Each structure stands twice: as structure tokens, then as C-alpha cells.
Amino acid sequence: MKKVTNFPPEELDFFKCVHYAGTANPFGRERVLREAEIAGVSPDSPKDIRVLKACQAVGHRLAQLEKRGRINLDSFKGERRYFLRSALLFHYFHLFRKQIDTLITRQLDNAEESLDADFAPEALSLLRGWGFSIEESRHFTALAYQFRRAYYFIFRHLVGRSRCMQQLRRDLWQNVFTHDILMYNQYLWNRMENFSTLLFGETGTGKGTAALAMGRSGYIPFDEKENKFTHNFVNTFTTLNISQFSETIIESELFGHVRGAFTGAVKDHKGVFSRCSPNGSILLDEIGELSTHVQIKLLNVLQDRVYSPVGSDEKHRFHGRIIAATNRSIREIREKKIFRDDFYYRLCSDIITVPPLHKRIAQDPEELPDLLAHTVTRIVGQPSPEIVSRVLEYIESSLTLSYPWPGNVRELEQCVRRVILRNAYEINEVPAPEPKADSLTRQIQEGRLSAQDLLIHYCTRLYEKHGTYEAVARIAGLDRRTVKKYIDSQDQVY
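**Some remarks on the side chain of N72**
Tracing the backbone through its elements, the reader meets N72 in the loop between α3 (47-67) and α4 (78-108). Within the structure, N72 has its side chain in polar contact with the backbone nitrogen of D74 (distance 2.9 Å). Beyond its immediate chain neighbours, meaning those up to four positions away, N72 contacts K3, G129, W130 and G131.

Quick look at the structure:
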């Protein structure tokens, strides 16, 4: 069969659209619009239908192209090769995504070893038949596995339809792949250890879940000879809670120690940096409790990627990625000098804020039943609309939807458990947070707010009350784009 060497401009435009869809953040609006254009459906169509029709449309175009001859990238040049390559990868990814998902769920049940990638031989053969090199086919197999893991953990574990949760999912995806997936693929897929992350959020908001989603979404090379990925992603995420350890012990937990390093060190001990896999990540939780002395030592790891166990001069290289989390606010961290400046600026390659539950519910009341359904399923092992209905009815009648949830998602989980057990939840066990209005007044009286901060507060309150940017712009006498900018930046204020 002869090779296809060209295709008309109309097909080139189609493949361009596929390219831009495939490189867009899957949690962003651009992805929706591009998929809808490919599928020939409304952007408001159900997601499953939109994705299915888009995949069918791409498959149909490639099949039509193949009828004119065998598809091989070596036969194309310039932008035709570039955009056809993207369409082939899009098609390849969606052909095998269900099989990749199956591997992910199987792997979650087996933390001991990396399992066989049953889909890989067929996937590699398909890519090479299209003209991808041996190394490229292995790389894109690893990249497809990474894409599905990132989507799996970000989408399934971070439930919520509110605007702030949509933004969180977009932020997490960017943290894994950057804002430009093409740049990531060309330069950074094996260099992300150079980008540390600082997670902010109140106690119980789900910072650990967000960190887990990032930590299990790193690039893992594919070993074709073994037909396995080189590491089990279940073991690529390690966590250490700084607040659990005393000043004298924390260095050992971070860097390890050798026998005889101090009284009680009867044998060598591996710290969290030694236990982290080369493709892994470490969550340093409650990083705001770290002393200045240890910050200096950790700064060396961030700068030079090397550390020494306590009591040893031997240098070890750290190949993983650091994620740090704190329930302190950005303002408190900076104003109270909790971090040394050099440590802070090394730590904050990316800053992500996990929103509080009351904010999520205020933005979209349907967030609550969604979270209840997710929580109940995890507790009882299966979906139970009956239990969800009972808990929701109790909350609406006994707590009301305006309850501030000071313990956030963690408190909601305990509420579910107690309502299941006793059909009751006593809220006087925890102090209520300071009302927003009182907090705002106090900040104004103390002279802690700039004019921009005040506008952000004001626009946010109006948005929570009226629900649209247009209404806020009309009341505040501002341009709609300005209003949106202020509201979208509100996480930096709290």
C-alpha cells in the first residue's frame, strides 16, 4: 500500500483543532470548546457524549486518510507532519485510556510491585507503525500513563463543582504538566524535581488529598523489556508531618542518621529523603512549624539537591519533588517571618490554595450533596443515595446551609459518621470562626487592608450574594473584567 503524503487544507484545520484540544488543560474551558468543535456538538453537551463524539470524529478522519494509503509521519513535512502527529497521539491516547485506567485501579490494589502493562505491546506497535521511533513510542506510552493518573487522582479525589474547586483542579494539572504541555514534553518531563510547591489551606480542607494527586502523577519511564513501568506509583508519594516530631528528632526524620550519631541511635535510619523514589514526591506537612535551624538545612536540599544523614559527612542526592503544606495564611507566613526569605522563595516555585468548605458551598450549594455522596461511598463502600439523603436532610434542618464548617471537609466526614451512628451532630464542640464581617471590620480598623484588598473583599461578598459578575459590576460600578479579576484573586487575601 502506498504512503499518504499530503492532505487538503480542511483536514489540516481539523487536525489543528485536535492539537489544541489535546494540549489544553482538561479542566479548563478551552478543552471543552475544542472538543465540542471536533465533535460537532454544543459545548453544553454532557461531557461523556462530547468526548465520545470527538474521539469518533478523530478516528473517522484518520480512517479516511488511511483509505488513501498507509499513514506514516515520515511522509509528511512541516505543519502537516506536526499537526497530524498530534492527531495520531490524541487517537492513540483515547484508544487505550480504558486499559490504562484498568492498570491504575489494579495497581492501587498492589503496592508491592509494578504490574504488567497489558496494553503496551499493542500500543507500541501502533505508534511505530505510524512512524514514531522506538524511544518516542516508549516515551508517549509513559506520558499517556501519566496523563491518565493525573486525571484519575485530580478528578476522582477532588470532588466539587464550585468555581474555586474548578480552579484548584486546573492549578493541580498545571503543577504536574505546567501551563504548556508542549514545553513540558520537550524540556521538563524529567526535570520537575526543580519545582517545589507550597500548599495553603485551613485545617481539614484537603491539602493532603491535593498533594497525593500531585505526588502520584509524576512521570514514570516504561521498561519495554519487562513490559512494566519502572516504579509503582503507589509508592512514589511519601508524607511527613513536621508537627509530630520534636526539634531533636525532625532532622533524623528528614535526612536520616547513622549509628552512634546521638544517644539512642543504635542503628542507621533512613529519613524521608532516602525513602523517596527517583520519580516520587514528598509532602512536608505543617511546614510552618519548622524551626529556622532546620529551614537552613532543608534550603540546601532545595538549592543543591544534596543532603547528609545526621552524624555523617557522606553526601546523598535527592531526586524527588518537594511539596510543602501549611494551615497558616500567606499573610501570616510573610508578616510574622515564619520562614526565612531565602527558604520561602526556594520553596514557592508554585503556590496553590485549597479553598475552605464554606466558600465552596457559598459558590455552589450543590457542592454539599456532591461531597456527601463521595464521602458516603468511601465510608460504606458503595453509593447510597438513601444515606446521602438522610445526612443532607439532617444538615439542612439542624445545622442549616449557612453553617460555617470550621473543620472543613474533615469535619463534614465526621458529621456523616455521627449522623449514621446516632442521627445527631453536636456543633458546640468546636468554636465558631470569627464572622467574615467582623474580621473585615477588624482588618480595616487595624489598617491592614489596601484599597485593592478592600475591593476584593467587597466584590467577593457581592458575588456570593448575587451570583454573577454582571450583578457585581453593576452594583460596584466597575468593569466586569475588573470584577472577575478581583474575585479570582480572592484566595490570596484569605
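Once the structure has been displayed, the description carries forward.
**Considerations on unusual backbone geometry**
Backbone phi values are negative for most residues with the exception of glycine, while trans is the configuration of most peptide bonds. Not every positive phi belongs to a glycine, and R305 is a case in point at roughly 65°. Tracing the backbone shows R305 in the loop between α12 (292-304) and β6 (306-307). Of note, W405 is a non-glycine position whose phi angle comes to about 50°, a positive value. Along the chain, W405 turns up in the loop between α17 (385-399) and α18 (408-422). Among the residues examined, W405 registers a relative accessible area of 1% and is labelled buried.

**A closer look at the sheet that holds strand β9 (residues 350-353)**
Pairing in this open sheet of 5 strands is parallel, and the strands run β4-β5-β8-β1-β9 from one edge to the other. Two strands bound the open sheet, and with one partner strand each, they are β4 (237-241) and β9. Neighbouring strand axes in the sheet, compared pairwise and without regard to direction, differ in orientation by 20° on average. The pairing of strand β5 (residues 281-285) with strand β8 (residues 321-326) spans 4 bridges and is classified as parallel.

**Details of a nonpolar patch on the surface**
On the surface, a nonpolar cluster with roughly 190 Å² of combined accessible area is contributed by I379, V380 and I420. Here I379 shows up in helix α16 (residues 367-380). Given the relative accessible area of 30%, I379 is considered partly exposed.

**Remarks on a negative patch on the surface**
A surface patch of negative charge is lined by E112, E113, D116 and E226. For D116, the location among the structural elements is in the loop between α4 and α5 (120-129). With a relative accessible area of 36%, D116 lands in the partly exposed category.

**So, the nonpolar core**
Counting residues in each nonpolar core, the largest one holds 80 residues, and the members touching the most others are F15, I38, L84, L199 and F229. The element that contributes the greatest number of residues to this core is α4, accounting for 12 residues. Every residue in contact with L199, bar those within four places of it in the chain, is listed here: K207, A210, A211, M214, I323, A324, A325, T326, I352 and V354.

**Observations regarding the confidence of the model for the chain**
Low-pLDDT portions of the prediction should not be read for the details of their coordinates. Of all residues in the chain, 94% attain a pLDDT of 70 or more, and the chain-wide mean is 91. Confidence over residues 430-434 falls short of pLDDT 50; this stretch has 8 contacts with residues more than four positions distant or in other chains.

**Comments concerning the pattern of salt bridges**
A side chain with one charge may pair with a side chain of the opposite charge, provided their charged atoms come close. A complete count under the given rule lists 29 salt bridges for this structure. E413 is the salt-bridge partner of R378, the closest N and O atoms lying 2.4 Å from each other. Taken together, the residues R378 in helix α16 and E413 in helix α18 connect sequence positions 35 residues apart. Given the relative accessible area of 44%, R378 is considered partly exposed. Members of the salt-bridge network, linked through shared partners, are R128, E135, R138 and E224.

**Some words on the packing of helix α1 (residues 9-23) against α4**
Contact geometry for α1 and α4: axes closest at 8 Å, N-to-C directions at 55°. As judged from the angle between their axes, α1 and α4 are oblique. Here α1 and α4 pass one another in a crossing that is left-handed. Where α1 approaches α4, its residues P9, L12, F15, K16, V18, H19, Y20 and G22 are matched on the opposing element by E79, R80, Y82, F83, L84, S86, A87 and F90. Here the residues of the contact of α1 with α4 are counted per class, giving 10 nonpolar, 3 polar and 3 charged.

**A look at the side chain of E11**
In this fold, E11 is placed in helix α1. Setting aside residues up to four positions removed in sequence, E11 forms contacts with R61, L65 and R68.

**Considering the environment of K47**
Residue position: K47 is located in helix α3. On a C-alpha basis, the gap between K47 and L347 in space is 37 Å, while along the polypeptide they are 300 residues apart. Setting aside its immediate chain neighbours within four residues, K47 contacts Y151 and F155.

The rules we used
- What you see as residue numbers is a count from 1 along each chain, following the sequence as written.
- Per-residue local features are limited, in this predicted model, to residues with pLDDT of at least 70; the limit for side-chain atom pairs, both in listing and counting, is 80 or more; totals at the level of whole chains, interfaces and linings are taken over all residues.
- Only hydrogens and water are removed before side-chain values are computed, so all heavy atoms of the structure are retained for them.
- Counting from the N terminus, the helices are the DSSP runs of H or I reaching at least four residues and the strands are the DSSP runs of E reaching at least two.
- Within 3.5 Å is the distance limit for a polar contact, defined as a pair of N or O atoms, with the added protein rule that one can donate a hydrogen and the other accept it, and that residues adjacent in sequence qualify only through two side-chain atoms.
- Two residues qualify as a contact provided that any one of their heavy atoms is within 4.5 Å of a heavy atom in the partner residue.
- Type-normalised accessible area, obtained with a 1.4 Å probe on protein chains alone, sets the label of each residue: buried when under 20%, exposed when over 50%, and partly exposed for intermediate values.
- By definition, two strands form a pair when at least two bridges between them are found by DSSP.
- Each axis is a line fitted through C-alpha atoms, taken for helices only over the stretch in contact, and angles between the N-to-C directions span 0 to 180 degrees.
- Excluding any residue in a salt bridge, patches collect residues exceeding 30% relative accessible area, merging like charges within 9 Å and nonpolar Val, Leu, Ile, Met, Phe, Trp and Tyr side chains within 5 Å.
- Each accessible area value is a Shrake-Rupley result obtained with a 1.4 Å probe; residue values ignore everything except the protein chains displayed when judging cover.
- The rule for a salt bridge is simple: a side-chain nitrogen of Lys or Arg has to be within 4 Å of a carboxyl oxygen of Asp or Glu.
- Residues counted as positive are Lys and Arg, residues counted as negative are Asp and Glu, and His and the chain ends are not counted.
- We put the charge of a Lys on NZ, of an Arg on CZ, of an Asp on CG and of a Glu on CD.
- Definition of nonpolar core: a set of buried residues of the types Ala, Val, Leu, Ile, Met, Phe, Trp, Tyr and Cys, connected through side-chain atoms within 4.5 Å.
- Scored from 0 to 100, pLDDT reflects the predictor's confidence in each residue.
- Note on angle classes: values under 35 degrees are labelled roughly parallel, values over 145 roughly antiparallel, values of 65 to 115 roughly perpendicular, and the remainder oblique.
- Should the near helix be turned anticlockwise from the far one by less than a right angle, the crossing is left-handed, and should it be turned clockwise, the crossing is right-handed.
- Note that Gly is not counted as nonpolar here; it falls among the polar residues with everything else outside the nonpolar set of Ala, Val, Leu, Ile, Met, Phe, Trp, Tyr, Cys and Pro and the charged set of Asp, Glu, Lys and Arg.

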